[in-house]
Amino acid sequence: MIRWLRQHGLAVGHAFEMLIGSPASSVLSIVVMGIVLSFPAGILLTLDNLRTVSGESLESPQLSVLMNTDAASDDIERINANLEKMSAIAHFQFISKEIALQQLQQETELAEIMRNLEQNPLPDVFAVNLGNVTVDEIEALRTTILAWPKIAHVLVDTDWARKLDAILSLGRIIAIMLAILFGAALVFAVFNMIRLQILTRSDEIEVSRLVGATNSYIRRPFLYFGAIQGLAGALLAWLILAVSIAQINKALFELARLYETTFKLDHFVWLDSLILLVIAIGLGWLGAYVSVTRYLLRSDNI
Amino acid sequence: MIQFVQVSKVYSGGFQALQGVSFSIMAGELVFFIGHSGAGKSTLLKLIAAIEQPTSGTVKVGKLDSSTMKRSAVPYLRRGLGLIFQEQKILYDRPVLDNVLLPLQVVGMESKVATARARAALDKVGLLHRGKANPVSLSGGEKQRMCIARAVVNRPTVLIADEPTANLDAAYAQEIMGVFRSFHQVGVTVLIATHDLALIENKSRVLQLYQGKLAQ
């Protein structure tokens, strides 16, 4: 175990030697990796932020359950009992047609017309507030309630949220495709970088093999080199996003104020940041692994 | 210890380097492989170190058999061998001591122990005082002695040298041979390929190669 740790320590040391040995190209490649990673990460981050907008609209959605005008008090009690049994409903309120008419007469410009009506045209209504449910669950609930007797309509406005959700889903797919493409580009970039490093260290590799170095021993410093480059690239991408978000939020603040909302972009939470780091490290490692393995296979006769 | 059974080697270009070569070497022997250039001396040594694979026949080194040995076993075979090459294969980006340390780093030896061992190996070949020097500053004989130190630092049971005195004058050549003799005297099997007949001692075993075949 100690020997294993010692060899990994030595490999990490060699990896840093490679980084420091060619500082200009190391910095350049880390900057390129940072920019490459920040593109898909930035798109995904924006989409996640927009998703919270559509999500918020679905977090406490409302249904208006309109009863038939001929519904009796027994029917209302039955509907009341049924709604109480539904776990998806956070709370609800019954608004009788009389109260609804009163409110309409008091509050709207139609007050005069409403007062002159011979008969109350309004139905009894249940204003239902739902818990945290998906769009599909709202639709299912709507269908269920609509099937109950004496229910005329169930009004719910989830259409715009559904559309936004669909657009965001499409955007997410595009972002993931871009992430795959940029990820592949990153692997190729590391592959080429490692190939150049191997060329400069080919003598050392050859001598090491002749004195009994295993392929793992030879591969190890390059894998660490690739992983360190990936890590540094991811940290830079995170920083680029942080600066960009701060700048965008300044502009968004004014816009949000005009719409009387408090919308702003949030950076990745720690778990998403960790995922970004792990993916970048993994891509750097993969590029290095492919590059060294290719070299070792080609020079297998040593 | 080392056994060749009907070993032939044909390179990809069609050149036949060895043809039906058979012999055995016991532990602790000092063996010279002689022959003209292209006779197959280097190929034979490369086969022992698994740098090349035989086209036919079997090469056995200790318990390892070339016909059944996996590629992953080759590094472990080489850790038991000390290899000295005609072209020296020196790393000029690091000092002499670090060149000698390399085989010990490869096996993961602790830094202090490895440094002590490398210094002892340099002392054995009379180069301890040049440990911090860059190999560029060494003379031809010193470079070869450094290569010997690198080859023996891992305490191998077999020392293999391909034309170790090829680029050296007579005085340096005798100096290098003295180093080989000292290792042979402590029980190390020493195999030397050379075309310099002046190096061969009367009591030594000599295997002569001629056009890829072992001459009787």
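Residues numbered from 1 in each chain as written. Chains lettered and ligands numbered in written order. Predicted model: local features only at pLDDT ≥ 70, side-chain atom pairs only at ≥ 80, totals over all residues.

A. Molecular detail of the overall build of chain B. From N to C terminus, chain B includes 6 helices and 10 strands. By the compact-globule yardstick of 17 Å for 216 residues, chain B fits well, its C-alpha radius of gyration being 17 Å. Structurally, chain B occupies a C-alpha span of about 45 × 40 × 35 Å along its principal axes. Here chain B holds 216 residues, and the buried ones make up 43% of them. Summarising the internal contacts of chain B: among those between residues at least 6 apart in sequence, 69% fall at separations of at least 24. (Helix = DSSP H or I, 4+ residues; strand = E, 2+ residues; numbered from the N terminus. Rg over C-alpha atoms; globule rule 2.2 N^0.38 Å. Buried ≥ 20, exposed ≤ 12 C-beta atoms within 10 Å, placed from the backbone. Contact = placed C-beta atoms within 7 Å.)

B. Main features of the overall build of chain A. When you go through chain A residue by residue, the secondary structure sums to 10 helices and 4 strands. Going from N to C terminus, chain A has its helices and strands arranged as α-α-β-α-β-α-α-β-α-β-α-α-α-α. Each principal axis of the C-alpha distribution contributes one length, and for chain A these read about 105 × 40 × 30 Å. Out of the 302 residues in chain A, the part that is buried amounts to 26%. For chain A, contacts bridging at least 24 residues in sequence account for 83% of all contacts bridging at least 6.

C. Highlighting the sheet that holds strand β9 (residues 205–210) of chain B. All names here are of chain B. If you walk across this open sheet you meet the 6 strands as β6-β7-β8-β3-β9-β10, and the pairing is mixed. Pairing within the sheet leaves two strands with one partner each, and these edge strands are β6 (81–84) and β10 (213–214). Two strands pair when backbone bridges link them, and strand β7 (residues 158–162) and strand β8 (residues 189–194) are joined in this way by 5 bridges, in the parallel orientation. What sits directly across from Ala161, in β8, is Ile192. (Pairing = 2+ DSSP bridges.)

D. Spotlight on the interface of chain B and chain A. Counting residues at the interface gives 17 residues for chain B and 18 residues for chain A. For the side of chain B that touches chain A, the elements supplying multiple residues, two or more each, are α2 (74–78) and α3 (96–106) of chain B. When residues of the side of chain B that touches chain A are assigned to their parent elements, the largest contribution, 4 residues, is made by α3(B). In the side of chain B that touches chain A, the residues fall into 9 nonpolar, 2 polar and 6 charged. (Nonpolar A, V, L, I, M, F, W, Y, C, P; charged D, E, K, R; others polar.)

E. Representation of the nonpolar core within the structure. Core analysis: the largest hydrophobic core is formed by 105 residues, its most contacted members being B:Val100, B:Ala149, B:Leu159 and B:Ile160. Residue contributions to this core peak at 14 residues, all from helix α9 (residues 215–258) of chain A. Contact partners of B:Ile160, with chain neighbours within four places excluded, come to B:Leu45, B:Ile48, B:Ala49, B:Leu81, B:Gly82, B:Leu83, B:Ile84 and B:Leu191. The next biggest cluster of nonpolar side chains, apart from the first, holds 12 residues, and it includes A:Val125, A:Phe126, A:Val128 and A:Ile145. (Core = buried A, V, L, I, M, F, W, Y, C linked by C-beta atoms within 7 Å.)

F. Local environment of the sheet that holds strand β1 (residues 2–10) of chain B. Residues and elements named next belong to chain B. One open sheet holds the 4 strands; their spatial order is β2-β1-β4-β5, and the pairing between them is antiparallel. Among the strands making up the open sheet, the edge pair consists of β2 (16–25) and β5 (64–65). Here 2 bridges tie strand β4 (residues 56–61) to β5, and the two strands are oriented antiparallel to one another. Within β5, the position partnered with Val61 by the bridge is Leu64.

G. The confidence of the model for chain A, seen in detail. When pLDDT is averaged along chain A, the result is 85, and 93% of the positions lie at 70 or above. For chain A, the element scoring lowest by mean pLDDT is helix α5 (residues 111–116) of chain A, at 73; helix α10 (residues 270–298) of chain A scores highest, at 92. (pLDDT = per-residue confidence, 0-100.)

H. Main features of the confidence of the model for chain B. All names here are of chain B. Mean pLDDT for chain B: 89, with 100% of residues reaching 70 or above. By mean pLDDT, helix α6 (residues 170–185) is the weakest element of chain B at 85, and α3 is the strongest at 94. Across the whole predicted complex the pTM is 0.73, and at the interface the ipTM reaches 0.89.

I. Region of the structure containing the environment of A:Ala11. Residues and elements named next belong to chain A. By secondary structure assignment, the location of Ala11 is in helix α1 (residues 2–21). Sequence-wise, Ala11 and Arg209 are 198 residues apart; in three dimensions their C-alpha atoms are separated by 15 Å. If near-sequence neighbours (up to four positions away) are discounted, Ala11 is found in contact with Arg220, Pro221 and Tyr224.

J. Quick look at the environment of A:Thr200. Secondary-structure assignment places A:Thr200 in helix α7 (residues 159–200). The class for A:Thr200 is exposed, based on 12 C-beta atoms found within 10 Å.

K. Summary view of unusual backbone geometry. All names here are of chain B. One non-glycine residue, Gln88, adopts positive backbone phi at about 65 degrees. Turning to its location among the elements, Gln88 is positioned in the loop between β6 and α3. A tally of 17 C-beta atoms within 10 Å means that Gln88 is categorised as partly exposed.

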